[in-house]
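Coordinate inspection notes
The primary structure of each chain is shown beneath.
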Amino acid sequence: MIAVRNLSVTYRTAARSVQAVTDVSLDLPKGSITAIVGESGGGKSSLVYGILRLLPPQAKVSGSIIYDGTDILSAKESWLRDFRWKKAALVTQGAMNSLTPVLTVGYQIGEVLRIRLGLSRKEADKRTAELLGMTNLSPEYAKRYPHELSGGQKQRVVIAMAVACSPELLIADEPTSALDVITQAEVAATLLDMVREKGMGLLLVSHDLPLAASLCENLAVMHKGRIVETGPPEKILGSPSHPHTKELLSAFSLIGGPG
Amino acid sequence: MRSYWIRRAIGAAAVLLLVIAANFFLFRIMPGDVVSSIVDPRFSPEAKERMREVFGLDQPLLRQFVIYVRRMLTFDFGISFLSQRPIWDELRSRVPNTIALLGSALLISSALGTWLGVQAARKRGGITEKVVLISGSISFSFPSFFVQLVLLLFLAYTLPVFPLRGSVSIPVPQGAIDRMLDYIWHLLLPAGSLVLLGFGSWAIYVRNLMVKTLGEDFILLARAKGFSESRVLWNHAFRSALPPILTIFLLALPGIVSGAVITETVFSLHGVGKYLLDSIMGHDYPAAGAAFYILGLLTIISNLAADAAYAIADPRIKVGRRAGM
Ligand SMILES: Nc1ncnc2c1ncn2[C@@H]1O[C@H](COP(=O)(O)OP(=O)(O)OP(=O)(O)O)[C@@H](O)[C@H]1O
Ligand SMILES: [Mg+2]
């Protein structure tokens, strides 16, 4: 289990400082599915990147994030490197260029397997083909470069890469937000299949409150850097207590979103 | 893809033809009699007549040009006014010296500059970054002949650590190893000065590129994967920044000509650049044309090599992979 305690994140730039996360506490039990929803700029990405200690140097972080008795925020580099990807892996926002442009897809998946799991090149190739298959991509895609893939295919590759080391927790920051509606549903389904199949925990950041609520066990609503409401999704949707939650819900009923 | 190489080859051939054409016309629009710029005025009338025939000077310009192109391509440059010897015989021994000087200078300054640039980008606002940025701007804002003269004055004259002039000692040392060491000793100051003057622009350019690349999302993800900092830095960031770095390498190549002329002249090296200047000073037009042509040829060949490296480094250019697309 990962326990976030009193986490605050402040970005300090020359011009001004922005408090992105304020005093957030959150429990992520092993194997559970948690969703974070909230407005854009609410601090969701800052919170989840903090778990992998991936915030940029200008971010001042306070509080603690405890995994197995160790505070991730103050752990040694070597411990951190071992924690990353093996314990918690990341699927980035769909719009990002998450794949290194000059390396083939197969190389990039294989690199994780070779470097992090110590597989031989041959074993890694075989496993890469399996991972691509699991995310509904043909093994031939291993030979391709990122610019030869569609947005949805790239996101599948990122998912294949994220599950390569069978992490305990998959952190997915708006994994489908840059895709068209149909691809969104397919990629989301692939992601959930992988999570269920491997019994991984999932921390999902999403704009889509109804979708997030439909699949998570625990829902957290984030607003202006704070978690303003948290609990089982049916309870929150049934009787939202915070105005921001009501706002999010009404936004969806207005545009006739699913759910 | 094959079409990429065909395009490149055609491009190289076109540039080559351009260099030849420039040579051809330059020496024909010089003031004075056309003949006097191609045939030594001190030649006897019979000799002049023979040269006229050899150069086809009585024929139409186009025909002259065709003859000229063929002679350039076969390295048949004619006789030097100054030495009365075949020009190619004089140039042949100089080409390796020029390649050694410019090749080592270009490779070392780009490698050193690139390495420094990467180190500077590693930690923003760090001491390494400051040192590299400052030394880099000093390096590339100095006029080259000035720095070279100062170096020559202090390190070869006042403090005679390096030879004052030439590519080899006289008499030439015995034994292959001694001869090579002697050659390197003569090369150190000229090549070193070019490195000193050249690394700065590389360092600054590479640092800027790397700073940009290190901010990309795929770097964040590479870190998230728990890779070592050096794997993130070299295998992901540097590897991705390599294509634009090679582009700069391509752009730096034409500087070869001026670099060769100035450096070889300051250090009195037995090279093509010095030969070019000497020939121009002595109104030895065929020799100057030939030297210019050889420098152009060297540039074009290294250009092609850099192009090949670029194509390998950037998968967005298709080379010998799946046809089509
Ligand atoms: N590197 C940074 N430097 C300065 N400010 C930043 C930086 N990253 C984020 N911020 C600021 O922190 C706040 C929270 O940003 P964050 O990306 O965490 O929000 P988010 O909830 O993920 O938004 P979105 O849904 O649009 O992704 C925003 O005001 C943003 O402008
Ligand atoms: Mg975000």
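Criteria and cut-off values
- Per chain, residues are indexed from 1 in the order of the written sequence.
- Starting at A for chains and at 1 for ligands, labels are handed out in the order in which the entities are written.
- Per-residue local features of the predicted model are confined to residues with pLDDT of at least 70, and side-chain atom pairs are confined, for both listing and counting, to 80 or more; whole-chain, interface and lining totals are unaffected and use all residues.
- Just so you know, side-chain values use all the structure's heavy atoms and leave hydrogens and water out.
- By nonpolar core is meant a set of buried Ala, Val, Leu, Ile, Met, Phe, Trp, Tyr and Cys residues that side-chain atoms within 4.5 Å join together.
- For each residue, the accessible area found with a 1.4 Å probe, counting protein chains only, is set against the maximum for its type, and the residue is called buried under 20%, exposed over 50%, and partly exposed in between.
- Put simply, DSSP marks the helices as runs of H or I at least four residues long and the strands as runs of E at least two long, and each gets a number from the N terminus on.
- Residue contacts follow a heavy-atom distance rule, with two residues in contact if any of their heavy atoms lie within 4.5 Å.
- Values labelled buried area give the accessible surface lost by two parts on being combined, using a 1.4 Å probe and summing over both.
- Counted as salt bridges are all cases of a side-chain nitrogen of Lys or Arg within 4 Å of a carboxyl oxygen of Asp or Glu.
- In the analysis that follows, any N or O atom pair within 3.5 Å is treated as a polar contact, provided that within protein one partner can donate a hydrogen and the other can accept it, and provided that, for residues neighboring in sequence, both atoms belong to side chains.
- Along the chain, pLDDT gives the predictor's confidence residue by residue, from 0 to 100.

**Section: the nonpolar core**
In terms of nonpolar packing, the biggest core is built from 149 residues, with Trp-85 and Leu-170 of chain A touching the most fellow members. Looking at this core, the element that brings in the most residues is helix α14 (residues 285–313) of chain B, giving 11 residues. When residues no more than four places from it in sequence are discounted, the contact partners of Leu-170 of chain A are Ala-89, Val-91, Ala-162, Val-163, Leu-191, Val-195, Met-200, Gly-201, Leu-202 and Leu-203 of chain A. One finds Leu-116, Ala-120, Val-132 and Ala-203 of chain B within the second-largest nonpolar core, a separate group that totals five residues.

**A look at the interface of chain B and chain A**
Residue-level contacts link 23 residues of chain B with 28 residues of chain A. Together, the buried faces of chain B and chain A total about 2,400 Å²; carbon and sulfur atoms form 61% of this surface. Our count for the contact surface shared by chain B and chain A stands at one salt bridge. Arg-231 of chain B is paired through a salt bridge with Glu-111 of chain A; the nearest N and O atoms lie 2.6 Å apart. Summed over the shared surface of chain B and chain A, the result is 10 residue pairs in polar contact (both at pLDDT 80 or more). Taken together, the elements giving at least two residues each to the side of chain B that touches chain A come down to α10 (217–224) and α11 (229–252) of chain B. For the side of chain B that touches chain A, the element with the highest residue contribution is α10 of chain B, accounting for six residues.

**Thoughts on the confidence of the model for chain A**
Low pLDDT means the predicted atomic positions in that stretch should not be read closely. Per-chain confidence: chain A averages 91 in pLDDT, with 97% of residues scoring 70 or above. Summarising per-element confidence for chain A, the mean pLDDT is lowest in helix α9 (residues 243–254) of chain A (77) and highest in helix α3 (residues 105–117) of chain A (97).

**So, the environment of Val-91 of chain A**
Residues and elements named next belong to chain A. With respect to the helices and strands, the residue Val-91 is situated in strand β6 (residues 88–91). Given a relative accessible area of 0%, Val-91 falls into the buried group. Excluding residues within four positions of it along the chain, Val-91 makes contact with Gln-155, Val-158, Ile-159, Ala-162, Leu-170, Ile-171, Ala-172, Asp-173, Pro-175 and Leu-191.

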